[in-house]
Amino acid sequence: MNLSAETLEKIDATIAQFPQKRSATLPILHLIQEELGHLSLETQEWVAEKLGVQPIQIREVVTFYPMYREEPIGKVHVKVCRTLSCALSGAYKTCEKLEEKLNCKRGKTSADGNYTIEFVECIACCGSAPVVQVDDKLYENVKPEGAEELAEEIKKMAAAEATNAAETPQPQTPAYFG
Amino acid sequence: MIQKKPPEEFRLIYKNVDVDGYTIDIDCYRKHDGYKILEKAIKEKPEDLRQEVLNSGVRGRGGAGFPTGMKWKFVDRKSGKPIYVVCNADESEPGTYKDRQIIYKDPHQLIEGIMISAFANNAAQAFIYIRGEFINGARILERAIDEARKAGFVGKNICGSEYSCEIAICRGAGAYICGEETGLIESLEGKRGYPRIKPPYFPAVLGLYQCPTIVNNVETFCHVKHVIDRGGEEYAKIGIKGDSGTHIWGVSGHVQRPGYYELEAGSCTFGDLLYGLCGGPLPGRKFKALIPGGSSTKILRFGERFEGKLPDGTPFDWAVEDIPLDANSIGLCGTFLGTGGSIVMDDSTDMLEALANLNAFYGHESCGQCTPCREGSLWLQKMTGRMCSGSAREEDVPLLKDIADQVAGRTICAHGEAVAWPVQSAVPKFKDEYLEKIKNQASGQRFNPAGYPLI
Ligand SMILES: Cc1cc2nc3c(=O)[nH]c(=O)nc-3n(C[C@H](O)[C@H](O)[C@H](O)COP(=O)(O)O)c2cc1C
Ligand code: SF4
Ligand code: FES
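Cut-off values and rules
Residues numbered from 1 in each chain as written. Chains lettered and ligands numbered in written order. Predicted model: local features only at pLDDT ≥ 70, side-chain atom pairs only at ≥ 80, totals over all residues. Heavy atoms only, no water. Pairing = 2+ DSSP bridges. Helix = DSSP H or I, 4+ residues; strand = E, 2+ residues; numbered from the N terminus. Contact = heavy atoms within 4.5 Å. Axes fitted to C-alpha atoms, helices over the stretch in contact; angles between N-to-C directions. Parallel < 35°, antiparallel > 145°, perpendicular 65-115°, else oblique. Left-handed = near helix turned anticlockwise from the far one by under 90°. Nonpolar A, V, L, I, M, F, W, Y, C, P; charged D, E, K, R; others polar. Near = heavy atom within 4 Å. Polar contact = N/O pair within 3.5 Å; in protein donor to acceptor, adjacent residues only side chain to side chain. Areas by Shrake-Rupley, 256 points an atom, 1.4 Å probe, with all protein chains shown as cover. Core = buried A, V, L, I, M, F, W, Y, C linked by side-chain atoms within 4.5 Å. Buried < 20%, exposed > 50% of the residue type's maximum accessible area, 1.4 Å probe, protein only. UniProt positions renumbered as here; feature names shortened; annotations may be inferred. Salt bridge = Lys/Arg side-chain N within 4 Å of Asp/Glu carboxyl O.

The next subject is the sheet that holds strand β5 (residues 137–139) of chain A. Residues and elements named next belong to chain A. Taken together, five strands build an open sheet; the order of strands is β2-β3-β1-β4-β5 and the sheet is mixed. Two strands bound the open sheet, and with one partner strand each, they are β2 (108–109) and β5. In terms of strand pairing, strand β1 (residues 76–81) meets strand β4 (residues 132–134) through three bridges, oriented antiparallel. In the strand pairing of β4, Val78 is matched with Val134. In this fold helix α6 (residues 91–102) packs onto β1, β3 (115–120) and β4, with an angle of close to 170° to the strand it touches most, β3.

Written out as structure tokens, the structure is:
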């Protein structure tokens, strides 16, 4: 397990917050996935040991929740909401446009490993539908006509990710949205 | 009846949301009298605070509308076990995005509401279970909790009193069912979000770690703050009898100005909201259908009429536009106020695709514990999916409703109802359209070309 000292520290702090260790399961899995990109079986065993539970108890969590992944994905993760409010505003067309521009089918990772596009269910921003979440950033009102512009931005993100892989900046004071 | 004049908003919870210059840091919050009510509350007796909440009649804002004071009364205070307070920030009901504004734009209001509620219930530990996708929302809350801790509003000896209470944040990971309170508790215990059978697992008695637990919605905690500010009886004067306070309407879909609007309960109608505040339908379009309070509430059809008697015996005869915006009136029309997340559909909408879209959601989100929900939701999803892609039979239309009827009321949690209600309400109301579409499909028509595909 190759976790940074910072993540290890955060993991211990997270466990200390809860009256029972096992409650830290979801937050810890997020922390690890954010650093390593996915949750391998080896990782899951490590978490189980850390929390004093059986590996299967971690695995059942990893497989239950849509946000956890057992396989690596592309450098940039594009999630398009497909639920009703977004669909009414054109989300299916928006997604098709992104698929076309990024040369990547939804549910798949592009051949160059740059993008993964996924349909997701309502992400609670229905008033400015259609919405697309790219990694932790939210884009609102992404009408099919505006999808091309977003695709360009996503391409830049992947390029930046490739050059700065080693020194990705830490998140700043969060903006209101996104 | 088309109302032109927009109704007045009554901003209680959203007083500071989107106000120019208002920021999320604690200094700004305190400049706007933030944490004054916690300071006041902490000097009172917890049972008196609980009585105020009971007197206010405030109802939960998470969807089911259960009176908060009553929920708190059910808490087992004799067991000697710790009492936990949990804030449900999962906001997973499609159409609903009201809690997001509080979390992202006024986080300290939520923290103050949680701390007042925790003190009122003698809880020494609170949790915020926030949906996984709100990555920045969780960061904002973490930072706000740190600020509040430094200022003495969270943690040890709050406001210089004997009382201590911490708040921990847990981010979910994309499962709708973790919004259901017992599914949420399981998830908070680090497990799959499988809802528990009630009884015996009423959270008020056997909740988190088998201890008495209060689960309330984000907005509900904010209302508690305003109840304590005004006093229960004063608060109860806002709104109407049986539905006090304000409601936040999050309108999405086919209107000119989608958005959130906070209105006094019962002060105006859907017509006022949709025409007045939301600017009416898109150019050249007519309203066709409305899901009033989050996608699981029963659908209303523009053009249908609702007749009956009010509780005081007065007869009513309303179109959708005339329905007053309060829980009682909306309930009289066979649907629910829910979370106030209204989804509007105009005449470009293919109603079969709309239903297929929702069925796909509920099929995806069933946790799989009970057979009627697991099998029924997938069956419905497959059927409507197939009907949209052109291989439907006329018999499928009544069969849809039959399946839904077999799910509702036969499951561990209310997801079963959420699966059934869209189908049970849409099939009778749009049957003709469904049958016609089935006939037309022979000619290869997939969706109404005026709108967007919904599936
Ligand atoms: C399937 C399902 C999903 C739910 N999702 C949410 C949710 O995302 N947020 C929420 O506050 N309540 C949700 N609820 C309602 C909760 O179970 C619970 O009633 C609510 O959090 C209680 O808070 P309140 O009394 O303040 O309304 C959901 C219920 C069901 C059955
Ligand atoms: S009703 Fe559905 S979601 Fe609820 S417990 Fe049963 S299978 Fe799970
Ligand atoms: S339906 Fe897309 S954010 Fe709610």
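All names here are of chain B. Across the interface, helix α14 (residues 371–388) lies against helix α16 (residues 415–429) with an axial gap of 10 Å and an inter-helix angle of 25°. Between α14 and α16, the crossing angle belongs to the class labelled roughly parallel. Of the two possible hands of crossing, α14 and α16 adopt the one that is left-handed. When α14 is examined against α16, the residues Cys373, Ser377 and Leu380 are found in contact with a partner set consisting of His415, Val419 and Val423. Its residues assigned to classes, the contact of α14 with α16 shows four nonpolar, two polar and no charged.

Residues and elements named next belong to chain B. Residues in contact with ligand 1 amount to 18 residues; listed here are only the nearest, Gly62, Lys71, Asn88, Asn217 and Thr220. A distance of 3.2 Å separates an oxygen atom of ligand 1 from a polar atom in the backbone of Arg61. Taking Lys71, its side chain carries an N or O atom lying 2.7 Å from an oxygen atom of ligand 1. A total of 610 Å² of accessible area belongs to ligand 1 in isolation, and the protein chains cover 90% of it. In terms of residue count, the dominant contributor to the shell around ligand 1 is strand β4 (residues 213–217) (three residues). Here the shell around ligand 1 is composed, by residue class, of four nonpolar, eight polar and six charged.

Counting residues in hydrophobic clusters, the biggest one holds 68 residues, and the most contacted among them are Leu110(B) and Ile128(B). Per-element accounting of this core gives the leading share, eight residues, to helix α6 (residues 107–120) of chain B. When near neighbours in sequence (up to four residues on either side) are disregarded, Ile128(B) contacts Cys87(B), Ala89(B), Ile114(B), Leu141(B), Ile145(B), Ile167(B), Ala168(B), Ile169(B) and Cys170(B). Core analysis: the second largest hydrophobic core is formed by 41 residues, Ile28(A), Phe64(A), Tyr68(A) and Ala168(B) among them.

All names here are of chain A. Summarizing the sequence annotation, UniProt attributes the feature "binding site: [2Fe-2S] cluster" (unreviewed entry) to Cys81, Cys86, Cys122 and Cys126 in the numbering used throughout. These annotated residues cover 46 residues of sequence, but their C-alpha atoms sit close together, with the largest distance between any two at 9.2 Å. In this fold, Cys81 is placed in strand β1. For Cys81, a relative accessible area of 3% gives the class buried. In this structure Cys81 touches Cys86, Ala91, Val120, Glu121, Cys122, Ile123 and Val131, once residues within four positions along its chain are discounted. Classification of Cys86 by relative accessible area gives buried; the value is 3%.

Moving on, we come to the pattern of salt bridges. All names here are of chain B. Under the criterion given, the structure shown has 40 salt bridges over all chains. Between Arg196 and Glu186 there is a salt bridge, and its shortest N-O distance comes to 2.6 Å. With Arg196 in the loop between α8 (181–188) and β4 and Glu186 in helix α8, this pair connects stretches of sequence that are ten residues apart. Glu186 carries the same exposure label as Arg196, and that label is buried. Between Lys401 and Asp405 there is a salt bridge, with the nearest N and O atoms lying 3.2 Å from each other.

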